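Understanding the architecture of this molecule
Here are the chains, one letter per residue:
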Amino acid sequence: MKDGPKGHVDLLLLSALEAGPAHGYGLVEALRERSDGELDLAEGTVYPALYRLERQGLIESSWADGQTRRRRIYRLSTRGVAELASGRDSWRRWVQAMDAVIA
Amino acid sequence: MIDRALEELERRLDEYGVRGRPARRLLSEAREHLRDAARTGGEADAVSRFGDLDLVARQVAAEVATTKVRTATLGSFAALGAAAAAYVTVFALVPLAGGWPDIFAGKVEIVGPLSAVASVLLPQIAFVSGCLALVAALRLRRVEWAPDAELRLLRRRNAVAIACGAGTLVAMSVSAVNAEGLLAGWWIGLTLALSVAATIPLALAGVSLARSTAPRAASGGRATDVFDDLGPVFGWAPLRRLELPEHPWRFALSCAAAVFLLGVAGGWYAEGDPGSGVVRGAFEAVALLACFAALGRTLRLRRSAEG
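It is worth spelling out the overall build of chain A at this point. From N to C terminus, chain A includes four helices and two strands. Reading chain A from its N end, one meets helices and strands in the order α-α-α-β-β-α. With respect to the three principal axes, the spread of C-alpha positions in chain A is 55 × 30 × 20 Å. With 103 residues in all, chain A has 32% of them scored as buried. Sequence separation of at least 24 residues holds for 48% of the intrachain contacts in chain A that already meet a minimum separation of 6.

Here we come to the nonpolar core. Formed by 98 residues in total, the largest nonpolar core has its most connected members in L13(A), L50(A), A57(B) and V60(B). Sorting elements by how many residues they give to this core places helix α3 (residues 53-92) of chain B first, with 16 residues. Leave out the neighbours within four places in its chain, and V60(B) touches Y47(A), P48(A), Y51(A), L13(B), V18(B), P22(B) and L26(B).

The next thing to look at is the confidence of the model for chain B. Residues and elements named next belong to chain B. Per-residue pLDDT for chain B averages 88, and the proportion of residues at 70 or more is 98%. When pLDDT is averaged over each element of chain B, helix α6 (residues 185-211) comes out on top at 95 and helix α8 (residues 231-234) at the bottom at 80. For this predicted complex, the interface confidence reaches an ipTM of 0.86, while the overall pTM sits at 0.79.

A separate point is the interface of chain A and chain B. In this assembly, 17 residues from chain A lie in contact with 22 residues from chain B. Sorting the residues of the side of chain A that touches chain B by element identifies α2 (24-34), α3 (46-55) and β2 (70-76) of chain A as the ones contributing at least two each. Broken down by element, the residue count for the side of chain A that touches chain B peaks at five residues, all from α3(A). The residue inventory of the side of chain A that touches chain B, partitioned by class, reads five nonpolar, four polar and eight charged.

By domain assignment, chain B separates into domain 1 (2-51), domain 2 (68-221) and domain 3 (225-307). Inter-centroid distance (C-alpha atoms) of domain 1 of chain B to domain 3 of chain B is 52 Å.

With that out of the way, let us pick up unusual backbone geometry. Residue and element names in this part refer to chain B. If you check the backbone angles, E243 has positive phi at about 50° while not being a glycine. One can find E243 in the loop between α9 (237-241) and α10 (248-271). The backbone phi angle of R300 is positive, close to 55°, even though this residue is not glycine. Since 26 C-beta atoms lie within 10 Å of it, R300 is described here as buried.

Before going further, it helps to spend a moment on the packing of α3(B) against helix α4 (residues 111-140) of chain B. All names here are of chain B. Running from amino to carboxyl end, α3 crosses α4 at an angle of 145°, the nearest separation of the two axes being 9 Å. By crossing handedness, the relation of α3 to α4 is classed as left-handed. Counting all contacts with α3, which are made through T66, R70, T73, L74, S76, F77, L80 and Y87, the residues of α4 involved are P123, A126, G130, A133, L134, A137 and L140. Residues that form the contact of α3 with α4 fall into these classes: ten nonpolar, four polar and one charged.

All right, on to α6(B) then. Residues and elements named next belong to chain B. Given a rise of 1.5 Å per residue, 27 residues ought to cover 39 Å, and the 40 Å separating the end C-alpha atoms of α6 matches this to within 8%. For α6, the full list of buried residues reads I188, T191, L194, S195, A198, T199, L202, A205, G206, S208 and L209. Of the surrounding secondary structure, the elements contacted by the buried residues of α6 are α3 and α5 (148-178).

Once that is clear, we can look at the environment of I162(B). Residues and elements named next belong to chain B. Its place among the elements puts I162 in helix α5. Taking the C-alpha atoms as reference, I162 lies 14 Å from Y87; in sequence the two are 75 residues apart. In this structure I162 touches S76, L202, A205, G206 and L209, once residues within four positions along its chain are discounted.

Moving on to the confidence of the model for chain A. Residue and element names in this part refer to chain A. For chain A, the average pLDDT comes to 87, and 93% of its residues sit at 70 or higher. Of all secondary-structure elements in chain A, the lowest mean pLDDT belongs to helix α1 (residues 6-18), at 86, while β2 reaches the highest, 93. Across residues 1-6, confidence stays below pLDDT 50; counting only partners more than four residues off in sequence or on other chains, it has seven contacts.

Conventions and cut-offs
- Residues numbered from 1 in each chain as written.
- Chains lettered and ligands numbered in written order.
- Predicted model: local features only at pLDDT ≥ 70, side-chain atom pairs only at ≥ 80, totals over all residues.
- Helix = DSSP H or I, 4+ residues; strand = E, 2+ residues; numbered from the N terminus.
- Buried ≥ 20, exposed ≤ 12 C-beta atoms within 10 Å, placed from the backbone.
- Contact = placed C-beta atoms within 7 Å.
- Core = buried A, V, L, I, M, F, W, Y, C linked by C-beta atoms within 7 Å.
- pLDDT = per-residue confidence, 0-100.
- Nonpolar A, V, L, I, M, F, W, Y, C, P; charged D, E, K, R; others polar.
- Domains from an automatic or database assignment.
- Axes fitted to C-alpha atoms, helices over the stretch in contact; angles between N-to-C directions.
- Left-handed = near helix turned anticlockwise from the far one by under 90°.
- Expected span 1.5 Å × (residues − 1).

Encoded structure:
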């Protein structure tokens with residue numbers, strides 16, 4: 001599956017952040033691992049999606065300075081947790097409906 | 001290879017008008033991302049997996065543009081709130097400063113009626129335009145990318161609101177100076193001071209709005225209109241039957257009729273004379289129709305043929 005619909009990318013990112021704060025590359029890696037390599041996003045497009053989720057108040061971010069590197073770390077906000085639950089519910093209903101039709 | 005990709009990304013961002021902090025942020029994140037990715041598959045693979053740099057730059061531009069216009073709109077509305085507070089304070093204190101003088105009794109006869117008309121009409125245009133911009137901006141919070149046309153519309157609505165807000169303050173100050181000798185000196189001083197104070201946030205809002213013209217969203221799609229902004233209202237069955245989106249002047253006349261009735265009721269209540277109410281209502285209704293003719297397309301109060 002290459003580059004799913006944008007709304008689904010948002011849900012995937014929120015879901016990946018549920019495991020804990022992460023930087024952009026960490027999120028891409030998490031998605032790849034959790035999908036056994038099936039989700040192969042154009043990695044750069046994750047950043048505009050993250051900025052959008054931040055504008056929508058669903059995630060928060062801050063810089064974390066390491067010894068040699070400076071990374072932007074993203075985490076779920078309270079609203080993001082609620083949005084993830086709602087998005088997951090909608091997605092499951094949609095999958096069930098699709099299954100019922102195409103199975 | 002990574003350095004070349006970052007230079008290319010920076011160039012594309014600059015092309016779309018993404019500069020300063022948002023550009024530095026993306027470039028910093030992209031650099032770390034590519035360095036991490038290069039550890040497993042080499043630099044060429046990392047750059048390839050990062051994807052189309054133009055697409056990333058365009059999406060970030062759309063995102064930054066949406067955020068800036070939305071922020072500028074919230075700022076404009078707050079500045080209009082400050083101007084409204086000054087306006088209400090000044091006019092509420094007139095009875096304590098000697099009461100409403102005859103409109104032609106000022107230092108320069110013609111200035112009285114002109115500034116009075118401006119003081120009545122401009123704040124109403126500012127209010128309507130500001131509210132429409134705010135409603136559209138609140139909706140932007142949920143959208144993925146706002147089309148460039150939508151962002152341009154929001155800027156226009158804000159610009160009209162700010163200009164009319166500033167015009168109101170000027171009209172108020174002119175009225176006060178013209179009424180010297182007719183109203184208490186402290187009221188004239190207070191009016192001028194509040195006008196200057198309320199101009200500052202309006203000027204700042206204007207600067208923020210001017211800065212929101214970059215980056216450009218570079219995304220297609222039509223701008224919404226008042227019927228999208230107030231969808232639930234126009235979805236109400238009796239209004240739906242009027243087919244207002246398809247008949248702009250029917251919409252304008254309906255609004256004018258409502259304003260006329262409100263003007264009659266308000267004038268009658270305030271002055272205890274139905275005749276004054278009718279005059280006030282008719283003035284407001286005619287002014288609304290004139291504003292609709294002049295600003296209807298600019299503020300998207302009417303649906304265009306393609307929309």
